[in-house]
Amino acid sequence: MSYYFSRQVEGNFEEVEKRTREALKQEGFGVLTEIDVKETLKKKLDVDFRKYKILGACNPPFAYKALLAEDKIGTMLPCNVIIQETEAGEIEVAAIDPIASMQAIQNPSLGDLANQVREKLRRVVENV
């Protein structure tokens, strides 16, 4: 089982980022955190890296239910979605597969939640 799902997307990086944020919003996610990896690596290590952003997405109703079911689940929140420029110059959008990340947790009540979030994130990637 892969720990993510992804696809190549038409458009420039900024357009794809905007569409990704909109697709997240349509599925009830907000972006809580944003890491510009290219900028951070340049600033901290003085290295050049391709365009790469990590968006920490949260769907509050699902996060709340997960926190009620498992108090340490916050170590796996928010759900990360990346937008990156590949070495071939294409733009890729990828999202964590919550089913894969939840396999380590021995709490069956999270299974249904993980499936629902998985489908929402899959639609995000498909609809960018």
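Residues numbered from 1 in each chain as written. Predicted model: local features only at pLDDT ≥ 70, side-chain atom pairs only at ≥ 80, totals over all residues. Heavy atoms only, no water.

## Notes on helix α2 (residues 37-45)
Then, number 1: Put simply, Asp36 is the residue that caps the front of α2, since its side-chain oxygen is 3.3 Å from the backbone nitrogen of Lys38.
Then, number 2: With its phi angle positive at about 55 degrees, Asp46 sits one or two positions after the end of α2. (Polar contact = N/O pair within 3.5 Å; in protein donor to acceptor, adjacent residues only side chain to side chain. Helix = DSSP H or I, 4+ residues; strand = E, 2+ residues; numbered from the N terminus.)

## Brief notes about the pattern of salt bridges
Then, number 1: Considering all chains together, one arrives at 12 salt bridges under this definition.
Then, number 2: Across the pair Lys42 and Asp48 runs a salt bridge whose closest N-O atoms are separated by 3.1 Å.
Then, number 3: The class for Asp48 is exposed, based on a relative accessible area of 66%.
Then, number 4: Note that Arg122 is salt-bridged to Glu119, the shortest N-O span being 3.9 Å. With Arg122 and Glu119 both in helix α5 (residues 110-127), this residue pair falls 3 residues apart, about one helical turn.
Then, number 5: The partly exposed category is assigned to Arg122, whose relative accessible area is 27%. (Salt bridge = Lys/Arg side-chain N within 4 Å of Asp/Glu carboxyl O. Buried < 20%, exposed > 50% of the residue type's maximum accessible area, 1.4 Å probe, protein only.)

## Focus: the environment of Glu126
Then, number 1: Looking at the element boundaries, Glu126 is found in helix α5.
Then, number 2: C-alpha separation for the pair Glu126 and Thr20, spaced 106 residues apart in sequence, amounts to 9.8 Å.

## Section: the packing of aromatic side chains
Then, number 1: What the rule picks out here adds up to 2 aromatic pairs.
Then, number 2: Where Tyr3 meets Tyr4, the ring centres are 4.9 Å apart and the plane angle is 70 degrees; that geometry is what we call edge-to-face.
Then, number 3: Aromatic side chains Phe49 and Tyr52 sit 6.1 Å apart centroid to centroid with 55 degrees between the ring planes, which places their arrangement in the tilted category.
Then, number 4: Owing to a relative accessible area of 27%, Phe49 belongs among the partly exposed residues under this scheme. (Phe/Tyr/Trp six-rings, centres within 6.5 Å; stacked < 30°, edge-to-face > 60°.)

## Section: unusual backbone geometry
Note: most residues except glycine have negative phi, and most peptide bonds are trans.
Then, number 1: Note that the residue after Leu77, namely Pro78, is joined by a cis bond; omega there is -5 degrees.
Then, number 2: Looking at where Pro78 falls in the secondary structure, it is placed in the loop between α3 (60-69) and β4 (79-85).
Then, number 3: One non-glycine residue with positive phi stands out, namely Asp46, at about 55 degrees.
Then, number 4: Turning to its location among the elements, Asp46 is positioned in the loop between α2 and β3 (52-58).
Then, number 5: A relative accessible area of 55% means that Asp46 is categorised as exposed.

## Considerations on the environment of Leu55
Then, number 1: By secondary structure assignment, the location of Leu55 is in strand β3.
Then, number 2: Once the C-alpha coordinates of Leu55 and Cys79 are considered, the two residues, 24 residues apart in sequence, prove to be 8.2 Å apart.
Then, number 3: Those residues in contact with Leu55, other than ones at most four positions away along the chain, are Thr20, Arg21, Leu24, Val31, Thr33, Glu34, Cys79, Asn80, Val81 and Ile83. (Contact = heavy atoms within 4.5 Å.)

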